[in-house]
Amino acid sequence: MSRVRLRTPLFGALSTALIAGVVFLGGAGAADAKDSTARIKDDQKQFIDPQAPIGTEAKSSKKVSKNAELDSPVQTTAAKPDSASDLKKISATDGGQWSNLPSLPAGSNAYHMIMGPGGKILLLAGSGNSSDVFQAGTFKSYIWKPSSGALTKLETPTDMFCAGHMLMSNGQGIAAGGTTAYSSSKSPWKGSKALYTFDFGDEKFKKQDDMSDGRWYPSVLNTRGGYALIVGGFDAKGANSSSSEVWNPYEGKYDPQPGNREFPLYPHIFLTADAKYFFTGEGWIKPAEDAEGAQDFFHPGFWQPFNGNKFTKVNDLSVPDRRGFGTSCWLGSIRRQKLIVMGGGWPATSSTNLIDLDSSSPRYKSGPKLGAAKAYVSCVQLPDGSVLELGGGSANKIENASREVSLLKSATSKSWTSMNPMTSGEHRLYHSMAFLADDGSVISLSSNPKGQARSDTVLRFEPPYLFNGPRPSLSGVPGEISYGQTYSINVSSDVTRVIMMTPPSPTHGFDANQREIPLQYADGKITINATSGLAPRGYYRLFAINSKGAISMAKWTKLG
């Protein structure tokens, strides 16, 4: 983690000493419990979003408390985010189309999700940013069908709010960590050691052995072999964790721990083609609020947790101390190994950076600016190789929410193409997420502005490719496929490409495992010509694309 603009060496030394005091809290000479709590809470400030409702409850009713501004003030001079954006109505063939799906029930707390085999969706939340719910222990999770709005409430054994999660290669969900203490005068935020798996068949959670460390805002990443690499978060005492661990879903146990390294909360880390992990430099960290104006950030680079714990830095992002609440994703085909990092705050930025991980000397360069300055922005990879950005705003307030939506058509595009704006009156801020549905549309849900009413609406965006004429057909996809093998499938005669997409599991505007893998296709046959670094073992959705750019409905398969 780097500290810039320090005016005196003394302050830097003092900060280092304070952080060291947070990490070591026991033994001779340790501070008493009260002092330790204060130190941890002070250290947490640099990782926690100043715009988010920390220490107070978000309002889930449509009426805002008269004391909301006093309870959770937002000191911001943020501009209207769309002042420089084009929000004109565009034809659906050029700008896509928005519609509303059935809303979620008030208080459903859809802050985390995992799509299971066949498209069944698990909504995780637990206490959902409410200390009252946390104290009551009335935790909520649901199985959800977006098209009908049908929800099945699940017995939720622990508070999975702020957990890390994904669909594992054996078809089960994993929820790692969560909340064991809310920030208060007596306690900092504390991470849970609990690890649960979820069976999408019987729709039940299963308690596994505890992790070695507590996790609050960890990232969970797929490995080449389909194991779950669990990284970062606040630990059981509330200190920022520098440990990582691996869950083996096939043997139901932890593998030997990988190398340790400190990252921000929900670190943006991606598995690369050569089995390294690339940390983009983004994660949930905010400028330190100190008298010297110092600001913290983490250097990006290649991390090898299973090969000597090596870390090779690349150059820093532009405005690296304003990237805490942006997003990142692959640019089109995973074979290109190009990543984009976009947005963030504070103040919010419209800047983006691109990096080619296949280059002999990977370096960030400036990318096309967003149409509006945004934090809490989401990016979604689409089957045609484009990237959609949506949501966010210049502050975590409804009046500062951005409706601007745009598309980067390819990895070589020099500018974003404006899409139809999000429906008037809607907002997607803190705790929002967006994902690709099996029908090729994008689903957007959740928003937790500070001191204001949450959003329970579910929005559907149909990208322009859904207006390119009749969809191609796709059937006959084997239930299981293997690397290097060729399979016959049934497709329309006009199909020119077949690609695989990962099942989504986003939270806080980010999905670490999102990727698109083009397959070799000819004469009604596909060849799984991908390595495990490009396409890790696990479940995928196949889409067929025709000569006009229209896409099929997805078909699920398991790669192993």
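Residues numbered from 1 in each chain as written. Predicted model: local features only at pLDDT ≥ 70, side-chain atom pairs only at ≥ 80, totals over all residues. Heavy atoms only, no water.

Draft legend 1. Expanded view of the overall build of the protein chain. Counting its regular elements, the protein chain contains 5 helices and 42 strands. Approximately 20800 Å² of the protein chain is accessible, and the part contributed by carbon and sulfur atoms is 49%. (Helix = DSSP H or I, 4+ residues; strand = E, 2+ residues; numbered from the N terminus. Areas by Shrake-Rupley, 256 points an atom, 1.4 Å probe, with all protein chains shown as cover.)

Draft legend 2. Structural detail: the sheet that holds strand β14 (residues 228-231). If you walk across this open sheet you meet the 4 strands as β13-β14-β15-β16, and the pairing is antiparallel. In the strand order of this sheet, the two ends are held by β13 (219-222) and β16 (253-255), each with one partner. Looking at each pair of strands side by side, their axes are set apart by 35 degrees on average, direction ignored. (Pairing = 2+ DSSP bridges. Axes fitted to C-alpha atoms, helices over the stretch in contact; angles between N-to-C directions.)

Draft legend 3. Summary view of the environment of Arg39. Structurally, Arg39 is set in helix α2 (residues 33-44). What makes Arg39 partly exposed here is its relative accessible area of 32%. Between the C-alpha atoms of Arg39 and Gly238, which are 199 residues apart in sequence, the distance is 10.0 Å. (Buried < 20%, exposed > 50% of the residue type's maximum accessible area, 1.4 Å probe, protein only.)

Draft legend 4. Examining the nonpolar core more closely. Core analysis: the largest hydrophobic core is formed by 69 residues, its most contacted members being Val498, Met500 and Ile526. Those elements that provide at least two residues to this core are β14, β17 (269-271), β18 (277-279), β20 (301-304), β23 (338-342), β37 (495-501) and β41 (538-546). Other than its neighbours up to four places away in sequence, Ile526 contacts Gln485, Thr486, Tyr487, Ile489, Val498, Leu519, Gln520, Tyr521 and Leu542. Ranked by size, the runner-up nonpolar core spans 31 residues in total, among them Leu154, Tyr196, Ala437 and Trp556. (Core = buried A, V, L, I, M, F, W, Y, C linked by side-chain atoms within 4.5 Å. Contact = heavy atoms within 4.5 Å.)

Draft legend 5. Local environment of the environment of Asn468. Among the secondary structure elements, Asn468 is positioned in the loop between β32 (455-462) and β33 (474-475). With a relative accessible area of 26%, Asn468 lands in the partly exposed category. Residue contacts for Asn468: discarding those within four places in its chain leaves Lys548, Gly549 and Ala550. A distance of 3.2 Å separates a polar atom in the side chain of Asn468 from the backbone oxygen of Lys548. (Polar contact = N/O pair within 3.5 Å; in protein donor to acceptor, adjacent residues only side chain to side chain.)

Draft legend 6. The environment of Tyr430, seen in detail. The residue Tyr430 is located in the loop between β29 (417-418) and β30 (433-436) in this model. Overall, Tyr430 belongs to the buried group, its relative accessible area being 3%. C-alpha separation for the pair Tyr430 and Gly391, spaced 39 residues apart in sequence, amounts to 9.7 Å. A polar contact is formed between the side chain of Tyr430 and the side chain of Tyr217, at a distance of 2.6 Å.

Draft legend 7. Spotlight on the confidence of the model for the protein chain. Residues of the protein chain with pLDDT of at least 70 account for 87%, and the chain-wide mean is 86. Segment residues 3-31 is flagged for pLDDT under 50; beyond a separation of four residues in sequence, or across chains, it makes 35 contacts in the model. Scored below 50 in pLDDT, residues 287-294 shows 17 contacts in the model against residues more than four places distant or in partner chains. (pLDDT = per-residue confidence, 0-100.)

Draft legend 8. Molecular detail of the sheet that holds strand β39 (residues 520-522). As summarised here, the arrangement of the 3 strands in space is β35-β40-β39, forming an open sheet in which the pairing is antiparallel. Lying at the two open borders of the sheet, with one neighbouring strand each, are β35 (486-488) and β39. For this sheet, the mean inter-axis angle between neighbouring strands, taken without regard to orientation, is 20 degrees.

Draft legend 9. Structural context of the pattern of salt bridges. The final tally for this structure, using the stated rule, is 11 salt bridges. The salt bridge partner of Lys120 is Glu203, with a shortest N-O separation of 3.0 Å. Of this pair, Lys120 sits in the loop between β3 (112-115) and β4 (121-126) while Glu203 is found in the loop between β11 (195-199) and β12 (204-207), placing the two residues 83 residues apart along the sequence. Note on Lys120: relative accessible area 27%, which makes it partly exposed. A salt bridge links Glu426 to Arg428, with the shortest nitrogen-to-oxygen separation between them at 3.9 Å. A relative accessible area of 1% means that Arg428 is categorised as buried. Residues joined by salt bridges that share partners form a network here, namely Lys374, Glu389 and Glu404. (Salt bridge = Lys/Arg side-chain N within 4 Å of Asp/Glu carboxyl O.)

Draft legend 10. Just the pairing of β23, in detail. Burial analysis of β23 places 4 of its 5 residues in the buried class, the great majority of the element. Judged from the 5 bridges that link them, β23 and strand β24 (residues 352-356) form a sheet pairing that is antiparallel. In the strand pairing of β24, Met342 is matched with Thr352.

Draft legend 11. Looking closely at the pairing of strand β42 (residues 555-559). Pairing geometry for strand β34 (residues 480-481) and β42, over 2 bridges, is parallel. Residue pairing for β42: Glu480 is matched across the bridge by Lys558. Sheet analysis places β41 next to β42, joined by 5 bridges and oriented antiparallel. Bridge pairing links Leu542 to Lys555 in β42.

Draft legend 12. Layout of the side chain of Asp159. Structurally, the position occupied by Asp159 is in the loop between β6 (150-155) and β7 (164-167). It is Arg454 that comes nearest to the buried, bridge-free Asp159 among opposite-charge side chains, at 10 Å. Non-local contacts of Asp159, meaning those with residues more than four positions away in its chain, are made with Ala125, Gly126, Ser127, Phe134, Phe139, Gly177, Gly178, Thr179 and Tyr182. (Lys, Arg positive; Asp, Glu negative; His and termini not counted.)

Draft legend 13. Just unusual backbone geometry, in detail. Residue Gly345 is joined to Trp346 through a cis peptide bond whose omega torsion reads 10 degrees. Inspection of the secondary structure puts Trp346 in the loop between β23 and β24. Here the amide bond leading from Trp346 into Pro347 is cis, since omega sits at -5 degrees, within 30 degrees of zero. Counting through the fold element by element, Pro347 comes out in the loop between β23 and β24. Of note, the phi angle at Asp523 is positive, near 55 degrees, even though the residue is not glycine. Following the sequence through the fold, Asp523 ends up in the loop between β39 and β40 (525-527). Judged by relative accessible area, which is 78%, Asp523 ranks as exposed.

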